[in-house]
Amino acid sequence: MAEETGGEDAAFRAKVRDWIAANFPPALRGCDPLLYQGDAVAAAGDANFQLWRERMADIGWGVPTWPRRYGGAGLEEAQGRIILQELAAASAFNPIRSYGTMMLGPTLLEYGSEEQKLEHLPPIARHERRWCQGFSEPGAGSDLASLQMRCTDMGDHWLVSGQKIWTSGADQADWCFALVRTDTTSKHGGISFLLIDMKSPGVEARPIVLISGSTHFCEVFFNDVQVPKGNLVGAINQGWGIAKRLLQFERDSLSVGRGAVPSLAPLARDYVGVDEQGRIADLDLRARLIRNGMRVTAFGQTLKRLATEAKAGNGPNSGVSAVKNLWSDIMQERAELLVEMMGANGLGWSGEAFSDEERTATRAWLHSKAYSIYGGSYEVQANIVAKRVLGLPDHR
């Protein structure tokens, strides 16, 4: 826990701790928030989760640093970090966290018109409007600026035609923030940032079954979709700069705000056994578990240092690319260790021979392979760090 900088911080921390103790449903303690944030059916069917979401929305702590008029609590960045820390300490989580709060919301706060902010931010702050991210296309993945989904000015509206892919939660989303091509003569300078109602005629989302068994990715088709002129964020053909800023927010969100990471040691003792001194019996596994735990701790300390350095309020910068890569590697290593220590039980997919936890571990291990791809691949992030942080020249 970070050292308090003054009496006000300590008093606020005590207030947050007491409020969480009084309002967080005990039945949700230790639950995986991603189960609810990625599955509208699971969220809708859990009364405890709905209650927790309503309480967090009412106090504005789902987006604590957003202005009150947009559904936030109007708090300082330091207070927002205290809320995250106390949620983690209580084995609780932020039930408002979504693509809207992590990516679009901060972007609209910087680039959106006042009308767009008032229309979209309050529903995001209450998790009443679900968003998906329409960036990647079949021919535009790591080279995102090659996107071809056309957006034509029809005078009183935009006409959008094309396809997006790997769009998380598109089949459950209410709206999509998308990059569209408004000028074919300029690669980066012909892209605009558009907000699209997923209920519009001509929009079709098809789930994609992944190796982990989940279907949270979709391919989305836009067939002559009419979009109001007021849904353009920023100026026409200026979407690439907005997208880069949004991707900074995304990469930052992928490595922070996920709560405490529990130790794998208890599970290792159960599956591998202990020696005469009560230590994990496998010396090599024990050493690698310790190493991973040390990396998790060091990563947390690094985030605190970066937060202190960012108190000027400039938000995420290119350095988040290095943080994202580091966190991806740590969590991929953790998933590998978990499956390894379970042995044959770590390969369970279905059937009574495996526990729910073992089946979940198998799927999590498969899903972890995507950590170094989504949010910008490992290689892309390394290039960003090389150029914009270290100032290295382009390789020619």
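Draft legend 1. Layout of the environment of S372. Tracing the chain through its elements places S372 in the loop between helix 12 (356–368) and helix 13 (378–389). The spacing of S372 and S328 is 44 residues in sequence and 5.6 Å in space, taken between C-alpha atoms. The contact partners of S372, leaving out residues within four places of it in the chain, are K324, S328, Q332, S377 and Y378. At 3.1 Å, the side chain of S372 and the side chain of Q332 are in polar contact.

Draft legend 2. Representation of helix 11 (residues 320–342). Its 23 residues give helix 11 an end-to-end C-alpha distance of 33 Å, which sits within 8% of 33 Å, the value for a rise of 1.5 Å per residue. Of all the 23 residues making up helix 11, 17 are buried; the element is thus mostly covered by neighbouring parts of the structure. Looking one or two residues past helix 11, G343 carries a phi angle of roughly 65 degrees, positive in sign.

Draft legend 3. Representation of the layout of surface pockets within the structure. For the second largest pocket, the calculated volume is near 190 Å³. Around the second largest pocket sit 16 residues that line it, and S263, L264, A265, L289 and G293 are the ones nearest its centre. Of all elements in the fold, only helix 9 (265–272) and helix 10 (283–309) reach the threshold of two or more residues within the lining of the second largest pocket. Sort the elements by how many residues they give to the lining of the second largest pocket and helix 10 lands first, with six residues. A per-class count over the lining of the second largest pocket returns eight nonpolar, four polar and four charged.

Draft legend 4. Here's a closer look at the pairing of strand 7 (residues 217–228). Note: strand 3 (residues 157–164) against strand 7, seven bridges, orientation antiparallel. Residue pairing in the sheet places V160 in a bridge with V225 of strand 7. Strand direction decides the pairing type here: strand 6 (residues 203–208) and strand 7, joined by six bridges, are antiparallel. The residue of strand 7 that forms the bridge with R206 is E219.

The rules behind the values
- Residues numbered from 1 in each chain as written.
- Predicted model: local features only at pLDDT ≥ 70, side-chain atom pairs only at ≥ 80, totals over all residues.
- Heavy atoms only, no water.
- Helix = DSSP H or I, 4+ residues; strand = E, 2+ residues; numbered from the N terminus.
- Contact = heavy atoms within 4.5 Å.
- Polar contact = N/O pair within 3.5 Å; in protein donor to acceptor, adjacent residues only side chain to side chain.
- Expected span 1.5 Å × (residues − 1).
- Buried < 20%, exposed > 50% of the residue type's maximum accessible area, 1.4 Å probe, protein only.
- 1 Å grid on protein atoms, 1.4 Å probe; cavity = no way out; pocket = protein on both sides within 12 Å on 5 of 7 lines; lining within 4 Å.
- Points joined across faces, edges and corners; volume = space filled by probe spheres on them.
- Nonpolar A, V, L, I, M, F, W, Y, C, P; charged D, E, K, R; others polar.
- Pairing = 2+ DSSP bridges.

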